[in-house]
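Chains, contacts and geometry: an overview
Residues per chain, in single letters:
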Amino acid sequence: MSDTQTTSVGLYNSDASIAEQRNALKNGAVPVSVTGLGKMGLPLAAVYADVTSNVTGVDIDRAVVDQITEGECHITGEPGLPELVSELVAAGKLTATTDGTAAATNARVHVAIVPTLIDENDQPDLSVMETAMRTIAGGLEPGDIVIAESTLPPRSCVDRLLPVLEAESGLSLGEFGMAFCPERTASGRALEDIRGAYPKIVGGLDAESTRVAELIYGEINDNEIVSVSDATTAEAVKVFEGVYRDVNIGLANELARLTEEFDIDVTEAIDAANTQPFCEIHQPGAGVGGHCIPYYPRFVMGTVESETPVMEQARETNEEMPHYTATHALDGLRAEGIDPEDAEVLVLGLTYRPGVNEIRATPALPIVEKLDDAGTAVTAVDPVNSHTEPFEVAGATIVSIAEIGEDYDAVVLVTPQPAFDDLDVPALGPTETDQRLVLVDGRQELKSLRGHDAIHYRGIGINV
Ligand SMILES: NC(=O)C1=CN([C@@H]2O[C@H](COP(=O)(O)OP(=O)(O)OC[C@H]3O[C@@H](n4cnc5c(N)ncnc54)[C@H](O)[C@@H]3O)[C@@H](O)[C@H]2O)C=CC1
Ligand SMILES: CC(=O)N[C@@H]1[C@@H](OP(=O)(O)OP(=O)(O)OC[C@H]2O[C@@H](n3ccc(=O)[nH]c3=O)[C@H](O)[C@@H]2O)O[C@H](C(=O)O)[C@@H](O)[C@@H]1O
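Residues numbered from 1 in each chain as written. Chains lettered and ligands numbered in written order. Predicted model: local features only at pLDDT ≥ 70, side-chain atom pairs only at ≥ 80, totals over all residues. Heavy atoms only, no water.

**A few points about the overall build of the chain**
- Looking only at helices and strands, the chain features 15 helices and 16 strands.
- Against the 2.2 N^0.38 benchmark of 23 Å for 464 residues, the chain shows a C-alpha radius of gyration of 25 Å, consistent with a compact globule.
- For the chain, the spread of C-alpha atoms along the principal axes amounts to about 80 × 50 × 40 Å.
- Evaluated residue by residue, the chain yields a buried proportion of 53% over its 464 residues.
- Long-range contacts, defined as pairs at least 24 residues apart, comprise 71% of the intrachain contacts of the chain with a sequence gap of at least 6.
- As presented, the chain carries roughly 19100 Å² of accessible surface, and 49% of it is formed by carbon and sulfur atoms.
- Distance between charge centres in the chain, computed from 28 positive and 77 negative side chains, equals 5 Å. (Helix = DSSP H or I, 4+ residues; strand = E, 2+ residues; numbered from the N terminus. Rg over C-alpha atoms; globule rule 2.2 N^0.38 Å. Buried < 20%, exposed > 50% of the residue type's maximum accessible area, 1.4 Å probe, protein only. Contact = heavy atoms within 4.5 Å. Areas by Shrake-Rupley, 256 points an atom, 1.4 Å probe, with all protein chains shown as cover. Lys, Arg positive; Asp, Glu negative; His and termini not counted. Charge placed at Lys NZ, Arg CZ, Asp CG, Glu CD.)

Have a look at this one:
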């Protein structure tokens, strides 16, 4: 295979040398498609294009495709991404389209990173990924490889996705390859994570698929490549990482509820316990949001015959935290002699975590709903959030930071956006009376206000 190869080549079952395959990948002779250009997919497509110079991004959202075609980046809060997208599009290394079939016909490496969520019955919903597989199958050729990066319930590739690819393409595994290579990336640091903050897990549906995935990610990721036995093992690795996090947050939240009985600051005890290397108790808080951690346990619970009581209890504990947080506010108001029906409450932060414009499973929504149900007048502010309708439907009035009023009876900090750092929280409280402002600190960000004479402080895991 010459370095100036002009036709596209496949890597699966290639008879070229490893060096020639690597050169082909890096000089654009191996066209890549990346399906799903969201918070994870666009950074991934950009790193692929930076390495291979020949990436077509595919998305169903015409606005997303049009912005990328103009060299613009619709994802906020990712350092370096706007500049990289602009540079790659200008150089012709990255293009975008809504025509997945055309992209699949041209590509020899097909990457899919579309949403894998849960349905109304809390069951994994792989419909979007299956749709993407059908589109990819329409352009699949012998020698191609399909790589799934979205988090999947174990056995999804072997039992659900491969059959779609084979049925729709008329090809069989062995003519093309498939691997599961999970995305281990956190929003806000996507480029550095994708490029190699952590080892890359790869697991093929056959040995040749693992080999090709290792070769590809050996060029994409400058950290170690961890090849596991098969795709199902790789799927389990990713889900286990998320389950570990949800269970440990659940433990922290359960410990937090002991703060009054022990009359201690549980968060202080957690921090001290974590000073030795065999303990990593996570942080208690107002709840667990995003479309990752709350969902991944359900990629195991309810999909297996075996009992999974530890995961189930942790999930139940974490899902209860928004109610626990809102109850702190209502109890605080009553302790200050305020009927919730007469109270003005300000909610600070609506996205599921700071800096990420995502409200899936955000604890802020059930908190707003419970406060509204209790009759309080809820005002909410979050400069990062662009999805305001669900909170308005739940009864909140959305304001900007500049529009925040005063004389609130309670403030509930759910998500500590950096823009809140300059807020004078005590000044938000009652001005005409000696009534104290009820402050519910959902993320241990305002502990310094405990004991403030104008503040009735209530924390998660913090005794008062
Ligand atoms: N967000 C995160 O922190 C992480 C997410 N992941 C995994 O990555 C997956 C994607 O996550 P995000 O990028 O955050 O989601 P996202 O919601 O930000 O973006 C998804 C993109 O896929 C597009 N899309 C939906 N259906 C499509 C289809 N049939 N064909 C083509 N494009 C389609 C949407 O228009 C959207 O642009 C998640 O479901 C998860 O499994 C993994 C690690 C971290
Ligand atoms: C360890 C880690 O940071 N994992 C990342 C995680 O990303 P995600 O954006 O979901 O953030 P997260 O820090 O896990 O937070 C999820 C939710 O849990 C809450 N949270 C988090 C940690 C904690 O100790 N206590 C807690 O209550 C957060 O407030 C948030 O609402 O999940 C991603 C994923 O697996 O999709 C993963 O790739 C990311 O690297």
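**Concerning the site of ligand 2**
- Near ligand 2 you find 18 residues, and of these Lys238, Arg245, Cys292, Tyr296 and Tyr352 are the closest.
- Within the backbone of Thr185, a nitrogen or oxygen atom sits 2.8 Å from an oxygen atom of ligand 2.
- Between an oxygen atom of ligand 2 and a side-chain N or O atom of Tyr296, the distance comes to 2.7 Å.
- The protein chains hide 80% of the 750 Å² of surface that ligand 2 would expose on its own.
- Residue composition of the shell around ligand 2, grouped by class: seven nonpolar, five polar and six charged. (Near = heavy atom within 4 Å. Polar contact = N/O pair within 3.5 Å; in protein donor to acceptor, adjacent residues only side chain to side chain. Nonpolar A, V, L, I, M, F, W, Y, C, P; charged D, E, K, R; others polar.)

**Looking at the site of ligand 1**
- Lining the immediate surroundings of ligand 1 are 23 residues, of which Lys39, Met40, Asp59, Thr116 and Thr151 lie closest.
- Here an oxygen atom of ligand 1 sits 2.9 Å away from a polar atom, N or O, in the main chain of Met40.
- One of the backbone nitrogen or oxygen atoms of Thr151 is found 3.0 Å away from an oxygen atom of ligand 1.
- Considered on its own, ligand 1 offers 830 Å² of accessible surface; in the complex 89% of this is hidden by protein.
- Residue composition of the shell around ligand 1, grouped by class: nine nonpolar, nine polar and five charged.

**Some details on the packing of helix α13 (residues 309-335) against helix α14 (residues 364-373)**
- Between α13 and α14, whose axes approach to 8 Å, the crossing angle comes to 40°. With respect to α14, the axis of α13 lies oblique. Between α13 and α14 lies a crossing of right-handed hand. Between α13 and α14, the residues in contact are Pro322, His323, Thr325, Ala326, Thr327, Ala329 and Leu330 and Pro366, Ile367, Lys370 and Leu371, respectively.
- Across the contact of α13 with α14, the residue classes break down as seven nonpolar, three polar and one charged. (Axes fitted to C-alpha atoms, helices over the stretch in contact; angles between N-to-C directions. Parallel < 35°, antiparallel > 145°, perpendicular 65-115°, else oblique. Left-handed = near helix turned anticlockwise from the far one by under 90°.)

**A few points about the confidence of the model for the chain**
- Per-residue confidence for the chain averages 96 on the pLDDT scale, and 99% of its residues sit at or above 70.
- The model gives residues 1-5 a pLDDT under 50, and that stretch makes eight contacts with residues more than four places away or in other chains.
- Here the complex is predicted with pTM 0.95, and the ipTM for its interfaces comes to 0.97. (pLDDT = per-residue confidence, 0-100.)

**Here we look at the sheet that holds strand β13 (residues 397-399)**
- Spatial ordering of the open sheet is given by β13-β12-β11-β14-β15-β16, a layout of six strands whose pairing is parallel. Every interior strand has two partners, whereas the edge strands, β13 and β16 (455-459), have only one. Ignoring strand direction, the axes of neighbouring strands in this sheet form an average angle of 20°.
- Pairing of strand β11 (residues 344-348) with strand β12 (residues 377-381) involves five bridges; the strand directions are parallel. Each residue of the ladder has a partner; that of Val345, found in β12, is Val378. (Pairing = 2+ DSSP bridges.)

**Quick word on unusual backbone geometry**
- Positive phi, normally seen in glycine, also occurs at Asp122, with a value near 60°.
- Of note, Asp407 is a non-glycine position whose phi angle comes to about 65°, a positive value.
- Here Asp407 lies in the loop between β13 and β14 (410-413).

**So, the nonpolar core**
- Within the largest apolar cluster, 49 residues are counted, with the highest numbers of intra-cluster contacts made by Tyr48, Ile147 and Ile216.
- The element contributing the most residues to this core is helix α2 (residues 41-52), with eight residues.
- Each residue touching Ile147, except ones within four places of it in the same chain, is listed here: Tyr48, Val109, His110, Val111, Ala112, Ala179, Cys181, Ile216 and Tyr217. (Core = buried A, V, L, I, M, F, W, Y, C linked by side-chain atoms within 4.5 Å.)

**Some words on the sheet that holds strand β1 (residues 32-35)**
- Ordered by their spatial adjacency, eight strands build an open sheet running β3-β2-β1-β4-β7-β8-β9-β10, and the pairing between neighbours is mixed. At either margin of the open sheet sits one strand with a lone partner, and together these are β3 (94-97) and β10 (225-227). Direction aside, neighbouring strands of the sheet carry axes that sit 25° apart on average.
- In this structure, strand β9 (residues 200-204) lies alongside β10, joined through three bridges in parallel fashion. Within β10, the residue paired with Lys200 across the bridge is Ile225.
- Across the face of the sheet, helix α10 (residues 231-256) comes into contact with β8 (177-180) and β9 while running at roughly 150° to β9.

**Let's talk about helix α3 (residues 62-69)**
- Taken together, the buried positions of α3 are Val64, Val65 and Ile68. Take α3 and look down its axis: the buried residues cluster within an arc of 95°, on one side only.
- Close packing links the buried residues of α3 with α2, α4 (81-90) and β3.
- The opening residue of α3 is Asp61, an N-cap whose side-chain oxygen sits 2.9 Å from the backbone nitrogen of Ala63. (Arc of directions from axis to C-beta.)

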